[in-house]
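Reading the structure
In case you want the letters, here they are:
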Amino acid sequence: PRRAQPAAGEAIAAKSSPALAGETIPKPRKTMPLTDRLARWQETAPADLAHRPDLIALVQASDYAAAQLARDPTIYATLDPAACPAENHRDTYAAEHPHAATEDELMQQLRRYKHRRQVRHIHAVVNGLIDEAAFLARTSALAETLISAALAWQHQALAARYGEPVDADGNPIPTPVL
């Protein structure tokens, strides 16, 4: 006999994992209608930028980008309507962010850098400045930079607290990412 499929929102049991039994299907996130999002953005955007075609295309294509522009208007200065040159994320992250004193400060720096660069990448794809392969490569490079920065900070903090990890011969051991 065939089993009946659970209705949306009802508890579902996963065949492969009993841990998933009892979880409900999440409801889709409500998004603002495109016309409302664009109108709201144009009300809050700097007057000289509110009608720039590349920015309108960005806001129309991405809720995420629109939200980041509203949170951090300094991102506008990084969006060139004609170009999106490749960058070395490790160098720019290091130049823009001094050593964080606390883990909370580090996390804020990492989030701010990620948001700014992701909006730039989305802007470039939406406006045909880079192709999908370049977008994926840049996103991967960004992720590697953020992981490396977090790892370096954590390694330094843990080494200061517990000492530098060494192997049986006394040679320093790098902190692995699993």
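So, a few notes on the structure that sits alongside this text.

Conventions adopted
- Residues numbered from 1 in each chain as written.
- Predicted model: local features only at pLDDT ≥ 70, side-chain atom pairs only at ≥ 80, totals over all residues.
- Heavy atoms only, no water.
- Salt bridge = Lys/Arg side-chain N within 4 Å of Asp/Glu carboxyl O.
- Buried < 20%, exposed > 50% of the residue type's maximum accessible area, 1.4 Å probe, protein only.
- Helix = DSSP H or I, 4+ residues; strand = E, 2+ residues; numbered from the N terminus.
- Core = buried A, V, L, I, M, F, W, Y, C linked by side-chain atoms within 4.5 Å.
- Contact = heavy atoms within 4.5 Å.
- Polar contact = N/O pair within 3.5 Å; in protein donor to acceptor, adjacent residues only side chain to side chain.
- Phe/Tyr/Trp six-rings, centres within 6.5 Å; stacked < 30°, edge-to-face > 60°.

**Comments concerning the pattern of salt bridges**
Evaluation of the coordinates by the stated rule reveals five salt bridges. Note that Arg-52 is salt-bridged to Asp-54, the shortest N-O span being 2.7 Å. One exposure class covers both Arg-52 and Asp-54, and it is buried. A salt bridge links Glu-87 to Arg-117; the nearest nitrogen and oxygen atoms lie 2.9 Å apart. Of this pair, Glu-87 sits in the loop between helix H3 (63–71) and helix H4 (89–96) while Arg-117 sits in helix H5 (residues 103–126), placing them 30 residues apart in sequence. The class of Arg-117 is buried, set by a relative accessible area of 2%. Through salt bridges that share partners, Glu-87, Glu-96, Arg-117 and Arg-120 make up one connected network.

**Some words on the nonpolar core**
Counting residues in hydrophobic clusters, the biggest one holds 17 residues, and the most contacted among them are Trp-41, Leu-58, Leu-69, Tyr-76, Leu-79 and Val-119. For this core, the secondary structure elements donating two or more residues are helix H1 (34–44), helix H2 (53–61), H3 and H5. In contact with Leu-58, other than residues within four places in its own chain, are Ala-65, Leu-69, Leu-79, Val-119, Ile-122, His-123 and Val-126. Judged by nonpolar contacts, the second largest core, of nine residues, contains Leu-110, Tyr-113, Leu-142 and Ala-149.

**A closer look at the side chain of His-115**
For His-115, the position within the fold is in helix H5. Among the polar contacts listed, one links the side chain of His-115 to the side chain of Tyr-64, at a separation of 2.6 Å. When near neighbours in sequence (up to four residues on either side) are disregarded, His-115 contacts Tyr-64 and Gln-68.

**Section: the packing of aromatic side chains**
Two aromatic rings, taken as a pair, are described by how far apart their centres are and by the angle between their planes. Applying the stated criterion to the full structure yields one aromatic pair. With a centroid separation of 5.2 Å and an interplanar angle of 90°, the aromatic rings of Tyr-93 and Tyr-113 are classed as edge-to-face. Placement of the pair is Tyr-93 in helix H4 and Tyr-113 in helix H5, with a sequence separation of 20 residues. Residue Tyr-93 shares its accessibility class with Tyr-113, and that shared class is buried.

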